[in-house]
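Reading the structure
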Amino acid sequence: MTFTLVDWIKYTLWGIFGFMIIDFVIAFSKSFWEGSFKQTSFLPYLKDILFYVYPLYFLISIVALDPTEWTLITLYFIGGLSLIVKYVIDIIDRFRPKSEEETD
């Protein structure tokens, strides 16, 4: 494990995709044990890749155009961290019991 900037960019993407996979596996296993696969679909994860991960990749690809050489990298890490926090919150919400209003 090295600590260069390129490696941290790679670790951020690994973290994002790792939490995305964990969220999918938890959703899939819960729907499997409940007997319905209506809650689990690949489409929301593909949408998240298109709306969240691809813009991060775009940010990191135009770093050469940034005159300060650190603004876009900082935005990349802020976006990556916020996406990891989003998936952690989604994973925590999957373990919360549903209220009576949500089941109707």
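Residues numbered from 1 in each chain as written. Predicted model: local features only at pLDDT ≥ 70, side-chain atom pairs only at ≥ 80, totals over all residues. Heavy atoms only, no water.

**Considerations on the overall build of the protein**
- A tally of helices and strands in the protein yields four helices and zero strands.
- Along the protein, from the amino end to the carboxyl end, the secondary structure elements read α-α-α-α.
- Taking 13 Å as the expected radius of gyration for a compact globule of 104 residues, we find that the protein reaches 17 Å, considerably beyond that expectation.
- Considering the protein as a whole, with its 104 residues, one finds that 27% of them fall into the buried category.
- Working note: accessible area of the protein is about 7700 Å², and carbon and sulfur atoms make up 72% of it.
- With 8 positive and 12 negative side-chain charges, the protein shows a spacing of 5 Å between the two charge centroids. (Helix = DSSP H or I, 4+ residues; strand = E, 2+ residues; numbered from the N terminus. Rg over C-alpha atoms; globule rule 2.2 N^0.38 Å. Buried < 20%, exposed > 50% of the residue type's maximum accessible area, 1.4 Å probe, protein only. Areas by Shrake-Rupley, 256 points an atom, 1.4 Å probe, with all protein chains shown as cover. Lys, Arg positive; Asp, Glu negative; His and termini not counted. Charge placed at Lys NZ, Arg CZ, Asp CG, Glu CD.)

**Quick word on helix 3 (residues 71-94)**
- In a regular helix each residue adds 1.5 Å, so 24 residues correspond to 34 Å; helix 3 covers 35 Å between its end C-alpha atoms and thus fits that length.
- Restricting attention to buried positions, one finds in helix 3 the residues Leu-72, Ile-73, Tyr-76, Gly-80, Leu-83, Ile-84, Tyr-87 and Ile-91.
- Residues of helix 3 that are buried make contact with helix 1 (5-34) and helix 2 (43-61). (Expected span 1.5 Å × (residues − 1). Contact = heavy atoms within 4.5 Å.)

**Some details on the packing of helix 2 against helix 3**
- Where helix 2 meets helix 3, the axes come as close as 8 Å, and the angle between the chain directions of the two elements is 160°. Classified by the angle their axes make, helix 2 and helix 3 are roughly antiparallel. Read as a crossing pair, helix 2 and helix 3 show a hand that is left-handed. Contacts between helix 2 and helix 3 involve Tyr-45, Asp-48, Tyr-52, Val-53, Leu-56, Leu-59 and Ile-60 from the former and Leu-72, Ile-73, Leu-75, Tyr-76, Gly-79, Gly-80, Leu-83, Lys-86, Tyr-87 and Arg-94 from the latter.
- When the residues that make up the contact of helix 2 with helix 3 are grouped by side-chain class, the tally is 12 nonpolar, two polar and three charged. (Axes fitted to C-alpha atoms, helices over the stretch in contact; angles between N-to-C directions. Parallel < 35°, antiparallel > 145°, perpendicular 65-115°, else oblique. Left-handed = near helix turned anticlockwise from the far one by under 90°. Nonpolar A, V, L, I, M, F, W, Y, C, P; charged D, E, K, R; others polar.)

**As for the environment of Ala-27**
- In this structure, Ala-27 sits in helix 1.
- Assessed through its relative accessible area of 5%, Ala-27 is described here as buried.
- Sequence spacing of Ala-27 and Val-85 is 58 residues, and the spatial spacing of their C-alpha atoms is 17 Å.

**Details of the environment of Lys-86**
- Within the secondary structure, Lys-86 sits in helix 3.
- On the accessibility criterion, Lys-86 (25% relative accessible area) is partly exposed.
- Sequence separation of Lys-86 and Phe-42 is 44 residues, and the distance between their C-alpha atoms is 18 Å.

**Description of the pattern of salt bridges**
- Throughout the structure, instances matching the rule amount to five salt bridges.
- Between Asp-23 and Arg-94 there is a salt bridge, and its shortest N-O distance comes to 2.7 Å. Taken together, the residues Asp-23 in helix 1 and Arg-94 in helix 3 connect sequence positions 71 residues apart.
- The exposure class assigned to Asp-23 is buried, which follows from its relative accessible area of 2%. (Salt bridge = Lys/Arg side-chain N within 4 Å of Asp/Glu carboxyl O.)

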